[in-house]
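What the coordinates show
Below, each chain spelled out in residue letters.
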Amino acid sequence: MTLCPRALLLDMDGVLYHGERVLPHAPAFLRAVAHLPHVFVTNNPIATPAEVAARLARMGLGAPAPEQILTSGLATARYLARQRPGFRYFAVGAPGLDAVLSRYGTADAERADYVVVGEGPGLDYQSLTRGIGLILEQGARLISTNPDSTVDAWRDGRRLALPGGGALVAPFEVATGQRALTIGKPEPLLYRMALDLLGFEARQCLMIGDRVDTDIAGAAALGLQTALVRSGRFGPGEPWPAGAPRADWDVPDLAALYRAWRAKWPDCFDAADGLNG
Ligand SMILES: [Mg+2]
């Protein structure tokens with residue numbers, strides 16, 4: 001039995017936008033749920049929270065504070081700081097990953113405690129060789145910001161697959177025999193940090209995402225309510241993956257989700273009208 005959610009976790013790509021294209025209903029949906037505490041959670045470690053917040057504002061998707069954005073890069077930095085205050089790291093990924101790690105630790109390619117692998121440019125023969133050496137010769141721990149095999153990019157309205165964090169960390173795992181510790185969805189660490197930010201119990205929170213394997217599976221495992229919007233990775237009518245937990249809501253888009261909520265809990269939301277946008 002689901003309760004009217006008290007707080008929301010929102011995935012972004014495939015839920016609110018495709019690349020630079022804002023999805024229909026997304027701005028109106030965010031206005032309609034603005035009174036509910038919410039955080040934006042993403043497995044993408046390429047941009048910093050401040051950059052993500054600025055991007056959402058520029059796209060007309062509210063005016064979130066950077067503190068409302070939890071990227072897998074930031075979650076990784078906070079986790080490592082808890083494990084080892086003042087940690088040293090060797091980052092393999094986009095500049096945004098180094099930017100968040102450097103707020104909590106120190107880049108050190110000679111004596112790193114952690115080899116942190118994330119999405120985006122960064123992996124090449126030199127960085128792979130350096131990371132392998134740190135792990136095998138100096139006992140560094142291998143960390144993966146997120147386990148996605150591929151991630152979606154959108155070009156001219158068409159989806160194309162880019163290598164995800166799971167694909168990029170794989171060469172390090174193969175070479176060293178060490179399995180990476182993964183921070184992002186569906187692993188629990190990023191979700192637990194998001195719940196801490198919101199200050200609610202898992203069952204009081206609803207995760208809205210477009211991927212079953214990360215968004216829905218990870219949130220369901222922790223007892224969050226879940227909603228799959230079929231506006232990203234899954235299209236309408238695509239079969240549910242075998243063995244994956246069902247979502248509490250399985251809807252075409254955010255407008256349909258909002259209509260379903262209003263029908264089930266008429267008193268749950270402030271907005272008097274449905275979505276017009
Ligand atoms: Mg997504």
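Look above for the structure.
Just so it is clear, the structure is predicted and the values come from calculations on it, not from any experiment. (Residues numbered from 1 in each chain as written. Predicted model: local features only at pLDDT ≥ 70, side-chain atom pairs only at ≥ 80, totals over all residues.)

A word on the overall build of the protein
Scanning the protein for helices and strands turns up nine helices and 15 strands. Its C-alpha atoms put the protein at 60 × 35 × 35 Å along the principal axes. Within the span of the protein, comprising 277 residues, buried residues form 47% of the whole. (Helix = DSSP H or I, 4+ residues; strand = E, 2+ residues; numbered from the N terminus. Buried ≥ 20, exposed ≤ 12 C-beta atoms within 10 Å, placed from the backbone.)

A closer look at the sheet that holds strand β8 (residues 114-117)
Sheet architecture is open: five strands sit in the order β7-β6-β8-β9-β12, paired in parallel fashion. The open sheet has two free edges, formed respectively by β7 (106-107) and β12 (181-182), since each of these has just one partner strand. With respect to the sheet, helix α5 (residues 125-138) is in contact with β6 (88-92), β8 and β9 (141-144), its orientation differing from that of β6 by roughly 150 degrees. Across the sheet, helix α6 (residues 165-176) touches β8 and β9, and the angle it forms with β9 is around 165 degrees. (Pairing = 2+ DSSP bridges. Contact = placed C-beta atoms within 7 Å. Axes fitted to C-alpha atoms, helices over the stretch in contact; angles between N-to-C directions.)

Examining the environment of R155
Structurally, R155 is set in strand β10 (residues 150-155). Each C-alpha atom, one on R155 and one on G19, is 7.6 Å from the other, the two residues being 136 residues apart in sequence.

Focus on the packing of helix α3 (residues 72-83) against helix α7 (residues 188-198)
Each packed pair of helices is defined by two parameters, the angle between the axes and the distance between the axes. Two numbers describe how α3 lies on α7: the axes approach to 10 Å, and their chain directions differ by 90 degrees. With respect to α7, the element α3 is oriented roughly perpendicular. Here α3 contributes S72, A75, R78 and Y79 to the contact with α7, which in turn contributes L189, L190 and M193. A class-by-class count of the residues in the contact of α3 with α7 yields five nonpolar, one polar and one charged. (Parallel < 35°, antiparallel > 145°, perpendicular 65-115°, else oblique. Nonpolar A, V, L, I, M, F, W, Y, C, P; charged D, E, K, R; others polar.)

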